[in-house]
Amino acid sequence: MTHSLRTPDLMIPDRPDPAWLSSPGDAGGAAVDDVIRVRGGTRMTGTVHVVGAKNSALKLMAAALLAPGRSVITNVPRITDIAIMGEVLRRLGCGVRFDADDPVDPMVAYGGVPRSRSVTIDVPETPGIDADCDLVRRLRASICVLGPLLARRGTVRVAHPGGDAIGSRGLDMHIAGLTRMGAEISGERGCVVATAPHGLRGTEIVLDFPSVGATENLVMAAVLAQGTTVIDNAAREPEIVDICTMLQQMGALIDGAGTSTLTVVGVPGLHPVRHATVGDRIVAGTWAFGAAMTRGDVTVTGASPAFLDIALDKLVSAGALVETRRDAFRVRMVDRPRAVDVVTLPYPGFATDLLPMAIGLAAVSDGASLITENIFDGRFMFANEMMRLGADIQTDGHHAVVRGRQRLSGALVRATDIRAGAGLLIAGLCTEGVTEVSQVHHVDRGYPDFVADLRALGVEVERGGAADGGISLGR
């Protein structure tokens, strides 16, 4: 039986049919038209559990291609992007099966439906070399099959990837690094075609920017290359450490994970493993900012606060009370937040994915905040929707000045990307009236069950089709 990915009863199908993949970000055509409505004036209170990181799980699934046999990845979030990546792997000849994880915490499941799953990937001796163009264009993370397939098969064809409309994200560093390793790369009808006729060889690579995607692709290619590869100015994100940990479990020789220099000694082959995905720091940060914006009290479990040091420090500067444990933290805000400035930077700096939440906090803070975006040139598309809620925002290039207001106003807005959708819904809790967010299929791509989480934190929220009038909040 094929289940719909539409929340709140979102289910990843074990074997989706072509119709399931017919619309961007959607499982059955309906969710593209869905809206979520929230009533303003609500304090978020309670406990929310965070499952595995989307930005890690997708790459771990690609890493499984490096070893023939059966790998199992647990704590995988039950989101649209994971299902799309599963289909990418199926069309490369892999067997892919999703199974419910055993809930280790009562917050892992709502209504008896777990929000995380394990994915079993059976990789053949000779996986395919042509990544499905339609799927890759819908999911930018699927470009990460480039490195492992080139290392395994010596040739690969992958479409230029799609994903969120948050600015240009070229493949220059991926291509330059692989070329230094001996690959020959060309373009063909919107696709990247890479071959390594003499195999990949170790080399020294200096990245112009600590790109997460380029670091991941190059590490996965280097683990089976001949000789030693040194990647300087590598990304340091926890998701990079997670993929390096899985690769090491598979038999790879990697030193320096979590630092700016990665040293990889190539090995003849790897073996399949079982690996648990690291907790999602971006989802955890979303709830942290939500607690501060709504003057609430939220405990977040399942993610390490150490991965959110800068973000949590900003909340403390804004007046929040933050308590941390090894894999959990609590954020309380009693008074109106104070304005704080935010600058996005590669990890361990403030994460660009939390920028919409930072703007939301600034919009209701006491004073003016300067928000600077240094990663993606299209992030501030979100600001136009925030202004529909009454936020006072002025943008200039990669800077935004936000003057806080006591209260925003409910309005009809649209999600322009995953994090913008989540940020708008939380900002809607700081309004007078009801806020309706459309195009929430974006939110489905990054949050396992956003509506259920909001409801568990005391929010009055409903989801339904925009055309059928199937939700009644505020009516």
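Structure: above.
Residues numbered from 1 in each chain as written. Predicted model: local features only at pLDDT ≥ 70, side-chain atom pairs only at ≥ 80, totals over all residues. Heavy atoms only, no water.

Draft legend 1. Main features of helix α4 (residues 146–153). A large share of α4 lies buried, amounting to 6 of its 8 residues. Taken as a whole, α4 has its buried residues at Leu 146, Gly 147, Pro 148, Leu 149, Leu 150 and Arg 152. Buried residues along α4 sit against α1 (54–63), β7 (116–123), β8 (155–159), α5 (172–180), β10 (191–195) and α6 (212–222). The first or second residue beyond α4 is Gly 154, which carries a positive phi of 80°. (Buried < 20%, exposed > 50% of the residue type's maximum accessible area, 1.4 Å probe, protein only. Helix = DSSP H or I, 4+ residues; strand = E, 2+ residues; numbered from the N terminus. Contact = heavy atoms within 4.5 Å.)

Draft legend 2. View of the nonpolar core. By size, the foremost hydrophobic cluster in this structure holds 76 residues, and its most contacted members are Ile 121, Met 181, Val 223, Leu 247, Ile 254 and Leu 270. Dropping the residues within four chain positions of it, Leu 270 is found in contact with Leu 66, Ala 67, Pro 68, Val 223, Leu 224, Met 250, Gly 251 and Ala 252. The next biggest cluster of nonpolar side chains, apart from the first, holds 72 residues, and it includes Phe 289, Leu 315, Ala 351 and Val 402. (Core = buried A, V, L, I, M, F, W, Y, C linked by side-chain atoms within 4.5 Å.)

Draft legend 3. Region of the structure containing the environment of Ile 84. Its place among the elements puts Ile 84 in helix α2 (residues 80–90). The spacing of Ile 84 and Ser 142 is 58 residues in sequence and 8.8 Å in space, taken between C-alpha atoms.

Draft legend 4. Region of the structure containing the packing of aromatic side chains. Counted by the stated rule, this structure contains 3 aromatic pairs. Pairing Tyr 447 with Phe 450 gives two aromatic rings, centres 5.0 Å apart and planes at 70°, and the pair type is edge-to-face. A network of ring pairs unites the aromatic residues Trp 287, Tyr 447 and Phe 450 as a single cluster. (Phe/Tyr/Trp six-rings, centres within 6.5 Å; stacked < 30°, edge-to-face > 60°.)

Draft legend 5. Just the sheet that holds β10, in detail. Read across the open sheet, the 3 strands follow the order β8-β10-β9; overall the sheet is antiparallel. At either end of the open sheet lies a strand with only one pairing partner, and these are β8 and β9 (184–188). Adjacent strand axes in the sheet meet at a mean angle of 20° when their direction is disregarded. Packing of α4 onto the sheet brings it into contact with β8 and β10, and relative to β8 it is tilted by some 160°. (Pairing = 2+ DSSP bridges. Axes fitted to C-alpha atoms, helices over the stretch in contact; angles between N-to-C directions.)

Draft legend 6. Inspection of the environment of Ile 36 at higher detail. Considering the arrangement of structural elements, one finds Ile 36 in strand β1 (residues 34–39). Of the residues examined, Ile 36 reaches a relative accessible area of 1% and is grouped as buried. In sequence terms Ile 36 and Glu 462 are 426 residues apart; their C-alpha atoms lie 5.8 Å from each other. Each residue touching Ile 36, except ones within four places of it in the same chain, is listed here: Leu 425, Thr 435, Glu 436, Val 437, Val 440, Val 451, Val 461, Glu 462 and Arg 463.

Draft legend 7. Main features of unusual backbone geometry. Residues Tyr 347 and Pro 348 are joined by a peptide bond in cis, for which omega reads 15°. Checked against the element boundaries, Pro 348 lands in the loop between β19 (342–343) and α10 (355–363). Unusually for a residue other than glycine, Asn 75 sits at a positive phi of about 55°. Tracing the chain through its elements places Asn 75 in strand β3 (residues 69–77). Residue Arg 295 is not a glycine yet carries a positive backbone phi of 55°. By the element assignment, Arg 295 lies in the loop between α8 (281–293) and β16 (297–301).

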